[in-house]
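If you want the building blocks of each chain, they are given just below.
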Amino acid sequence: MATTYQRDDYLDSTAEFTDNIDKREALGKVFEILFLLGLLVGLFVLALLLFDILRDGLGRFLTPDFLTETPSRFPDEGGILPAIISSIILGIVVILVTVPIGVGAALYLEEYAPRNWWTAIIEINISNLAGVPSIVYGLLGLGVFNYLLGFGPALISGALTLSLLSLPVIIVTAREAIRAVPNSLRYASYGLGATKWKTISSHVIPYAVPGILTGVIISISRAIGDAASLIVVGAVGFLTFNPGLFQRFMALPIQIYSYITRPEPGFANAAAATIIALLLLILALNGVAIYIRQRFTIH
Amino acid sequence: MQNINSQDDSFSRFGDSLEKNASDDILEKIIGVILFACAFVSVLTTFGIVLIIFQETFGFFQEVSFAQFFLDTKWTPLFADKHFGVWPLINGTLLTTAIAMAVAIPLGLSSAIYLSEYAQPKVAAILRPAVELLAGIPTVVYGYFALLFITPLLRNVFPLELFNALSAGLMMGVMITPTVGSISLDAIKSVPRSLREGAYALGITKLEAIFKVVLPAALSGIIASIILGISRAVGETMTVVIAAGQQPRITVNFAESVETMTAYMAQISGGDSPRGSLNFKTLYAVGALLFLITLALNIISYWVANRFKEKYD
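Residues numbered from 1 in each chain as written. Chains lettered and ligands numbered in written order. Predicted model: local features only at pLDDT ≥ 70, side-chain atom pairs only at ≥ 80, totals over all residues. Heavy atoms only, no water.

Where nonpolar side chains cluster on the molecular surface, the patch consists of Val30, Ile33, Leu34, Leu37 and Leu40 of chain A and spans about 430 Å² of accessible area. Of the residues examined, Leu37 of chain A reaches a relative accessible area of 46% and is grouped as partly exposed. (Patch = residues over 30% accessible without salt bridge, like charges linked within 9 Å, V, L, I, M, F, W, Y side chains within 5 Å. Areas by Shrake-Rupley, 256 points an atom, 1.4 Å probe, with all protein chains shown as cover. Salt bridge = Lys/Arg side-chain N within 4 Å of Asp/Glu carboxyl O. Buried < 20%, exposed > 50% of the residue type's maximum accessible area, 1.4 Å probe, protein only.)

Below, the structure is given as C-alpha cells:
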C-alpha cells in the first residue's frame, strides 16, 4: 500500500500529523486529570464519610458509659456493651469454625485434589458462593440453624451463618497462600522421606501462615461488619444483658441499624458513635493482620 | 531433636519407619478424607441454600400463582388487600442498581486506568489499597452516610423524598467502585506490553493507545468486572433498606422512595413472621428470585472473565 503514495503526499500527511499531535497530547493530559479525579472521588467520599461520622459521633462516643453499659431507650444514656460482646463472640466462633474448615478445604484443593470434573465442580461452586448475597446466607441460616437444628434466633445461629458466609473468602485466600509456597520446599521434604501430610504440616502450612492469617482477618472484618444475614436470622436491636451462645443476640452493625431507624434526633449521634466503635474494632483486627504478616513472614 | 539422637543407629530407625509405613498410609488416607470433607462443606452449603430456599418457595407458589407473582403490578403482601406482584421490587432493585453502576463504572474504570497506565508504581502501591478501603467499610455505614449526609445535601438541590433511590444508589456506587476497579485493573495490567508498544510505534498518543488498544484488549475482563458489580448492587441490602425506603412502586423517578428485593426481605424478617405463614414464604420467594438473578450474573461474569484469560495465556 505504502508504495502507491506519492512522495509529497507522504510529506503532506506527516505535516498534518505533527500539527495535530499537540492537540492530541493536550487531550491526553485532560484525560489523565479526569482519570485521576475519578480515582480521587472515591477517596474524597471516604474522607468525607469518616469526617461526618467523627463529627456526629465523637461526642457521644466519649461519654464514659457508652462502651460499658447496656442500651437505653434514651439516646443520650446507656451504651453498647451487649453489641460489643456479641460481635466479639461472633468473631471468635467464626474463626473457630472457618479457619480449620477453610484451610482444610484449601489444602485439599491445592495438594490433594485430582484434576477432574468433581474438583472443577467444587472450585466453581466456591467461586459462586463468594458471590451469593449476604441476605441469602441469612435465609440459609434461618432454615438450617434456627429451624432444622432448633437453635432459634440465638447467637450460635448467627455465628454459624456468618461462618458459612466467610468460608469461601477464606478458602480462596488460603489457596493463594498455599500456592505461593515454593515447590522446592515440598521436594526437599519428600526427598528426606517425609509423607505427604508430614510435608504439609511441617513445611507448607508454616510457610503459608502469614498469607492465610491475612485472609482470615479480612474475612472476619467483613463478617463483623455484616448486618443483612443477621437481620434474617433474628438478631435484635435492643438487649439488656450480655448474650451467651444460645441466647438472643445483637451485633454492632445491627445496633447501628436499630439506632438509625429510630426517629428521635439523638439516636443519629448514638449510631455514629457505634459506627466509631465498629470501625475501631475492624481497624484493630487489621492492625493484628499487618503485625502478623510482618512478624511471621519467612524471608 | 530426635533426629540428632537417632543418628548413630539410623539404619535400625530407618527399618522402623519402613515397618510403620502401613499405619502412615492409613493416617494419610484419613487426612485426605478429612480435608476432602472440609472442601465438601462448600458443596453442602450450596445444596442447603438450594433445598431450603426452593422448598419454601414451592410452598409459596402453592398459595400464590405464578401469574400473580410475575404479572401483577402491586406488591402489598402485608396489607388486607394482598397483591403479590414482584415487579415493584424488581423495579426498585433495577433503579438503585442503575444509579450505582452509573457511578461505579466511570469511577472504577478511571481508577483502574490511572493506576495501571499513569501512576508511578510507588504511588499506585499506596492508592490501590486506599481505594480498596471503600470495600472494607461495613455497608450499614454507607446507609448511615446516605440517609444523614448525602440526602440532606442533595435536598438543597433536588426536591427529593426523605427516602429516595438516588442517595442509596450513589452510595452503593461508591461502595462497588473497588469491585469494578480492581478486577478491571487486573485485566488492563494483563494486556501485553507489546501491544502498547506496537501502538506507540504507529505514532499514536498514550490516550489513544488506552482507548483504541488497551481497553478493547481488556474488554472481557472489564465487562466481567461490571457484571460482578451489578451482582453486588442487586444483592446489597443495608444501604437500600436504610436510605431508599420501603415503598414498593414502579417508577423511574430517582427522587422517590422505592423498595428493593433485599430491602423487602430485611423488612419482613425484622417483623418476626412465624414459620409457615404466607409472609414467611414471601421472604423465601423473593430470596429465591434474588439468588437466581445473582447466580446468573456471577456465572456470566465468571464465563466472560475466563474467555478473556485464554486469549493471552
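Back to the text.
Moving on to the interface of chain B and chain A. Taken together, the contact pairs 73 residues of chain B with 73 residues of chain A. When the two sides are added together, the surface that chain B and chain A hide from each other amounts to roughly 6,400 Å², 78% of it contributed by carbon and sulfur. Summed over the three residues of chain B that lose the most area to chain A, namely Glu28, Leu35 and Tyr144 of chain B, the buried surface amounts to 10% of that side. For the pair chain B and chain A, the number of links is one salt bridge. Residue Arg24 of chain A is joined to Glu208 of chain B by a salt bridge in which the shortest nitrogen-to-oxygen separation is 2.7 Å. Where chain B touches chain A, the interface holds ten residue pairs in polar contact (both at pLDDT 80 or more). Examining the composition of the side of chain B that touches chain A, we find that 18 residues originate from one element, helix H2 (residues 10-63) of chain B, more than from any other. Tallied by class, residues from the side of chain B that touches chain A come to 51 nonpolar, 18 polar and four charged. (Contact = heavy atoms within 4.5 Å. Buried area = accessible area lost by both parts, 1.4 Å probe. Polar contact = N/O pair within 3.5 Å; in protein donor to acceptor, adjacent residues only side chain to side chain. Helix = DSSP H or I, 4+ residues; strand = E, 2+ residues; numbered from the N terminus. Nonpolar A, V, L, I, M, F, W, Y, C, P; charged D, E, K, R; others polar.)

All names here are of chain B. Looking at chain B, pLDDT values average 89 and 90% of them are 70 or higher. The least confident element of chain B is helix H1 (residues 2-5), whose mean pLDDT is 46; the most confident is helix H4 (residues 87-118), at 97. In this model residues 1-13 is a low-confidence stretch, pLDDT under 50, and it forms one contact with partners more than four residues away in sequence or in other chains. (pLDDT = per-residue confidence, 0-100.)

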